[in-house]
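One letter stands for each residue in the lines below.
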Amino acid sequence: RSLVVVHFWAPWAPQCAQMNEVMAALAKEHMQVAFVKLEAEAVPEVSEKYGISSVPTFLFFKNSQKVDRLDGAHAPELTKKVQRHASSSSVSAGSNDSAKEDLNVRLKKLINAAPCMLFMKGSPKEPRCGFSKQMVEILNKHGISFSSFDIFSDEEVRQGLKTYSNWPTYPQLYVAGELIGGVDIVKELEASGELDTVCPKAQKLEDRLKILINKAPVMLFMKGSKQMAKCGFSKQIIEIINNTGVDYETFDILEDEEVRQGLKTYSNWPTYPQLYVKGELVGGLDIVKELKESGELLPILKGEN
């Protein structure tokens, strides 16, 4: 089989058991894909080779080559990746042109995913090469707002983007879908003073927080996500909200230290989770519990109160 999905799991992690169920459902849907479970701690040399530092982690292999990876219990993302790789695997050898076209469409979407996109080795918090580290430092020093893509996480993108942009090395910086260049070009732009005019400036923190708070009618700032809460209080609050049946979005404050610290000051509320409805702070877990007991929670979430 040309596509193999390997789940690095641990018996002590409940989120792994949930994802095993998701995998079983996907296996029924995609008979042509091989799904494999590997107990991460039982095969330390394999886990080390592929940089498995947490469970669950999923690796995708095509014709024995690693082509993608997913860290964490994200069922929708796993489903999406399996569908994408399974459909591209089923393309016949004679359809290489259409596979190439599909990749180019995907690359174009990634390049345009944010006004300023950096394709780098690692992440802004943990760059995995000196050039990527220098690039991140320059962009941060100039207060430039950018999103990033870790080319180590997707071999197809890593190789394809070199051809697509005719630029053989990483990092690569794009603004408004156009290639600016690598770290040397960015250094030249910095020296000439052009960098600040070429790249979009980061929003002020207060403006950014306002936008995040109003991103959805009901917004929950928590540790972790709906799929995997990373503290007991966050777990309790999502269970309560889930039982109301009201749609809501979450923001993982562990992923963004600026938001984590800034929101405490902005809302004058020192702890997490924090629940907002229509841009207004409702409160934390204790408040939500009280509202649930009094029967006020549902009307508030629906914006009726």
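Residues numbered from 1 in each chain as written. Predicted model: local features only at pLDDT ≥ 70, side-chain atom pairs only at ≥ 80, totals over all residues. Heavy atoms only, no water.

A. Spatial organisation of the overall build of the protein chain. If you tally the helices and strands in the protein chain, you get 13 helices and 12 strands. Projected onto the principal axes, the alpha-carbon positions of the protein chain cover approximately 65 × 55 × 35 Å. Per-residue burial over the protein chain gives 41% buried out of 305 residues. Considering only intrachain contacts with a sequence separation of at least 6, the fraction spanning at least 24 residues in the protein chain is 63%. Of the accessible surface of the protein chain, which amounts to about 16,500 Å², a share of 51% is contributed by carbon and sulfur atoms. On the protein chain, the mean spot of the 37 positive side-chain charges and the mean spot of the 40 negative ones are 2 Å from each other. (Helix = DSSP H or I, 4+ residues; strand = E, 2+ residues; numbered from the N terminus. Buried < 20%, exposed > 50% of the residue type's maximum accessible area, 1.4 Å probe, protein only. Contact = heavy atoms within 4.5 Å. Areas by Shrake-Rupley, 256 points an atom, 1.4 Å probe, with all protein chains shown as cover. Lys, Arg positive; Asp, Glu negative; His and termini not counted. Charge placed at Lys NZ, Arg CZ, Asp CG, Glu CD.)

B. Quick peek at the packing of aromatic side chains. Within this structure, the stated rule accounts for five aromatic pairs. For the ring pair F119 and F149, a centre distance of 5.8 Å and an interplane angle of 40 degrees mean the geometry is tilted. With F119 in strand β5 (residues 116-120) and F149 in strand β6 (residues 147-150), this residue pair connects regions lying 30 residues apart in the sequence. Pairing F119 with Y174 gives two aromatic rings, centres 5.4 Å apart and planes at 80 degrees, and the pair type is edge-to-face. Taken together, the positions of F119 in strand β5 and Y174 in strand β7 (residues 172-175) put the pair 55 residues apart, joining distant regions of the chain. Grouped by ring-pair contacts, the aromatic residues F119, F149 and Y174 constitute a single cluster. Just above the ring of W9 sits the side chain of K37; from NZ or CZ to the centre is 5.6 Å. Over the face of the ring belonging to Y248 we find K226, whose NZ or CZ atom lies 4.3 Å from the ring centre. (Phe/Tyr/Trp six-rings, centres within 6.5 Å; stacked < 30°, edge-to-face > 60°. Lys NZ or Arg CZ within 6 Å of the ring centre and 35° of its normal.)

C. How the structure looks around the packing of helix α5 (residues 130-141) against helix α7 (residues 183-192). The interhelical angle for the contact between α5 and α7, taken along N-to-C directions, is 30 degrees, at an axis separation of 10 Å. Comparing the axis directions of α5 and α7 gives the class roughly parallel. The chirality of how α5 crosses α7 is left-handed. Packed against α5, whose contacting residues are F131, Q134, M135, I138 and K141, the element α7 presents V183, V186, K187 and E190 at the interface. Residue composition of the contact of α5 with α7, grouped by class: five nonpolar, one polar and three charged. (Axes fitted to C-alpha atoms, helices over the stretch in contact; angles between N-to-C directions. Parallel < 35°, antiparallel > 145°, perpendicular 65-115°, else oblique. Left-handed = near helix turned anticlockwise from the far one by under 90°. Nonpolar A, V, L, I, M, F, W, Y, C, P; charged D, E, K, R; others polar.)

D. A look at the sheet that holds strand β11 (residues 274-277). Ordered by their spatial adjacency, four strands build an open sheet running β10-β9-β11-β12, and the pairing between neighbours is mixed. Where the open sheet ends on each side, the last strands, each with one partner, are β10 (249-252) and β12 (280-283). The average undirected angle you get between the axes of adjacent strands in this sheet is 30 degrees. Sheet topology places strand β9 (residues 218-222) next to β11; four bridges connect them, and they run antiparallel. By the bridge assignment, L220 is partnered in β11 with L275. Where helix α9 (residues 205-213) meets the sheet, its contacts fall on β9, β10 and β11, and the angle it forms with β9 comes to roughly 120 degrees. (Pairing = 2+ DSSP bridges.)

E. Seen up close, the pairing of β6. Of the strand pairs in this sheet, β5 and β6 are connected by four bridges, and their pairing is parallel. From the neighbouring strand, L118 faces β6, where its bridge partner is S148. The handedness of the β5 to β6 crossover, carried by α5, is right-handed. (Right-handed = clockwise from strand over helix to strand, strands pointing away.)

F. Examining the confidence of the model for the protein chain more closely. Averaged over every residue, the pLDDT of the protein chain is 89; residues scoring 70 or more account for 94%. Low confidence marks residues 91-95, where pLDDT is under 50. Its contacts with residues over four positions away, or in another chain, come to two contacts. (pLDDT = per-residue confidence, 0-100.)

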